[in-house]
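The chain contents come next:
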Amino acid sequence: MAQQEHVRVAVIGTGFGGLGAAVRLRREGITDFVVLERADSVGGTWRDNSYPGCACDVPSHLYSFSFAPNPDWPRTFSGQEHIRAYLERVADTFGLRPHIRLNHEVKLMSWDKENLYWVIESANGTTLRADVVISATGPLSDPKMPDIPGLDSFPGKVFHSARWDHDYDLTGKRVAMVGTGASAIQIVPAIQPRTAKLTLFQRTPPWVMPRMDRTISKAERALHRAIPATGTARRGLLWGIRELQVGAFTKHPDQLGLVEKLAKANMARAIKDPVLRAKLTPDYRIGCKRILLSSTYYPALAQPNVDVVASGLSEIRGSTVVAADGSEAEVDAIIFGTGFHVTDMPIAERVVGEEGITLAETWKDGMNSLRGATAAGFPNWMTIIGPNTGLGNSSMILMIESQLNYMADYLRQLNVLGGRAALGARSAAVTAWNDRVQERMKRTVWNTGGCTSWYLDAEGRNTTVWPGTTGEFRRQTRTVDLAEYDVIRATGTPGAAGGVRAGEAGRLGGSGLVPEQPGRSERETVAARGRGGRGGRAMSRLTQRDTGTEAAR
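Quick caveat: nothing in here was measured; it's all calculated off a predicted structure.

Moving on, we come to the pairing of strand β8 (residues 174–178). In terms of residue burial, β8 counts as a mostly covered element, since four of its five residues are buried. Of the strand pairs in this sheet, β8 and strand β16 (residues 333–336) are connected by four bridges, and their pairing is parallel. Looking at β16, one finds that valine 175 is bridged to alanine 333.

See the structure below:
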């Protein structure tokens, strides 16, 4: 029987999280890793979302890696094509291509608790083993399609904004746009001039502020190339402004009243019809749902070929779409801008932990993790952009880089522990962390603003957003506290033969963490052997296991 390939680390996904993890692994001297990608190219959500008008609502110089600045961003808010090209360059610049395996959709990840590794099965029939899994599939990877009666028998064209059909020409068509989120407000202005009739189904109107987008001049780009510190300063200024805004979202939602007035003034400039303006005015506090940026959305809605239906789509009868309020429209195509599986990520159904149950089952009452990264019952498994790591006003790249710090220290600690070892998040630590996060969440605008948003799960619990600054999160994830983990070791009679490794030199400092014939495992609950240096820190933290957990402040 052919031996299975065995790698030190398997990264899942090639968006910002996956590529960032791969870069960090190489910078840590780890080359024994693979990056599994289900599609035929890298890019994550910026590959999948290619709809007309697709762009980022975070300034370009902040929506990029600090270790890979781009002085040549063409606009202050970059379009999808520029961000995707940036990610392709990251893959090339940092030598990631040899590690990336395209068309490798992960179907199942199972923890072998006897031998302390993950068995990863792909849809193409391949299987490999990995000591550590970094899941970077992201929350915006699996489109959510509503279950609408009659949709299956609709004779026209149907697609989700994240699966745009570029072969279908919307010119002269009657189009229904379902949803008014971040994608919809970009799609509507882009397709409105081409359509014969555009019907927008709006369950809840968003708050929309102007998008201060402009071309970045050649002089600015030349300056950033010649003096990189100027680009760093620009990034720092953008970051600092957003850090100062956090308190209004997390502690003092009443301070957002002025922002609401500005948003209403923005609407009034473009929407003169009082009836339409009433439809478009939200009845919840600004910031409760993500504040959207567009200078073209309202002008597009004011055009004569656009009809705003202040109700959700409830039924389809042939080519007739019927709203919950009973209004009807004949359409040739339906475009769903209905978001993604954020609080019920499908990848969780494919992860089976040490007790033989899936992550989805573990999270059936709501997602929870330790510091947004690890879950109890799933040793040596980490997620990038995990529970309560999302942001309402800044760049997710900042959060990703903080999680990469945590990932790097996690791997260092495994190296310090030596032998065949795994780290399993303690249930008490996970609970303590999440209790503190949820307690802080109670006063945020996301929980008190009076809206229903994708930040909340089916039980109304906010499991997506971080209730603090990005700087605070970075401090909370700078290092791994071993007091929050159980150390699991392989012991006893040797078991199945070890697998073939890709790149033996990529093991953490050549420590030989994976013996050729691993055996049974046992859990250390109090102390670990001190090894000097970082090992001393590991030992001291383990001996403090029963003194409490440092949770989110």
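Tallied over the entire structure, the rule returns 27 salt bridges. The residue arginine 174 makes a salt bridge to aspartate 332 at a minimum N-O spacing of 2.9 Å. With arginine 174 in strand β8 and aspartate 332 in the loop between β15 (328–330) and β16, this residue pair connects regions lying 158 residues apart in the sequence. Connected through salt bridges with shared partners, the residues Arg24, Glu28, Asp409 and Arg412 form a single ionic network.

A few words now on the packing of helix α5 (residues 218–226) against helix α6 (residues 228–250). Closest axis-to-axis distance for the α5/α6 pair is 4 Å, and the angle between their directions is 110 degrees. Here α6 runs roughly perpendicular to α5, going by the angle between their axes. Contacts between α5 and α6 pair Glu220, Leu223, His224, Arg225 and Ala226 from the former with Pro228, Thr230, Gly231 and Arg234 from the latter. Grouping the constituent residues of the contact of α5 with α6 by class yields three nonpolar, three polar and three charged.

With that settled, the discussion passes to empty space enclosed by the protein. Left-over empty space is what a probe sized like a water molecule reveals as it rolls over the atoms. Enumeration over the complete set of coordinates arrives at five cavities of 30 Å³ or more. Along its surface, the largest cavity is lined by 14 residues, and Val246, Leu391, Gly392, Asn393 and Gly468 are the ones closest to its centre. By residue number, the principal contributor to the lining of the largest cavity is α6, which donates four residues.

What follows concerns helix α7 (residues 257–270). Three or four residues apart is the spacing at which side chains of an α-helix point the same way, because the helix has 3.6 residues per turn. Its 14 residues give α7 an end-to-end C-alpha distance of 21 Å, which sits within 8% of 20 Å, the value for a rise of 1.5 Å per residue. Turning to α7, its buried residues are Gly257, Glu260, Ala263, Asn266 and Met267. Projection of α7 onto a plane perpendicular to its axis shows the buried side chains occupying an angular sector of 165 degrees, all on one side. Turned more than 90 degrees off the buried face of α7, the exposed positions are Leu258, Lys261 and Arg269.

All told, the structure shown has one disulfide when counted by the stated rule. Here cysteine 288 engages in a disulfide with cysteine 451; their sulfurs sit 2.0 Å apart. Torsion about the S-S bond of the cysteine 288 and cysteine 451 cystine: about -90 degrees, corresponding to left-handed handedness. Of the two residues, cysteine 288 sits in the loop between α8 (274–280) and β11 (292–293) while cysteine 451 sits in the loop between α13 (445–448) and α14 (470–476), which places them 163 residues apart along the sequence.

Thresholds, definitions, all that
- Residues numbered from 1 in each chain as written.
- Predicted model: local features only at pLDDT ≥ 70, side-chain atom pairs only at ≥ 80, totals over all residues.
- Heavy atoms only, no water.
- Buried < 20%, exposed > 50% of the residue type's maximum accessible area, 1.4 Å probe, protein only.
- Helix = DSSP H or I, 4+ residues; strand = E, 2+ residues; numbered from the N terminus.
- Pairing = 2+ DSSP bridges.
- Salt bridge = Lys/Arg side-chain N within 4 Å of Asp/Glu carboxyl O.
- Axes fitted to C-alpha atoms, helices over the stretch in contact; angles between N-to-C directions.
- Parallel < 35°, antiparallel > 145°, perpendicular 65-115°, else oblique.
- Contact = heavy atoms within 4.5 Å.
- Nonpolar A, V, L, I, M, F, W, Y, C, P; charged D, E, K, R; others polar.
- 1 Å grid on protein atoms, 1.4 Å probe; cavity = no way out; pocket = protein on both sides within 12 Å on 5 of 7 lines; lining within 4 Å.
- Points joined across faces, edges and corners; volume = space filled by probe spheres on them.
- Expected span 1.5 Å × (residues − 1).
- Arc of directions from axis to C-beta.
- Disulfide = S-S within 2.5 Å.

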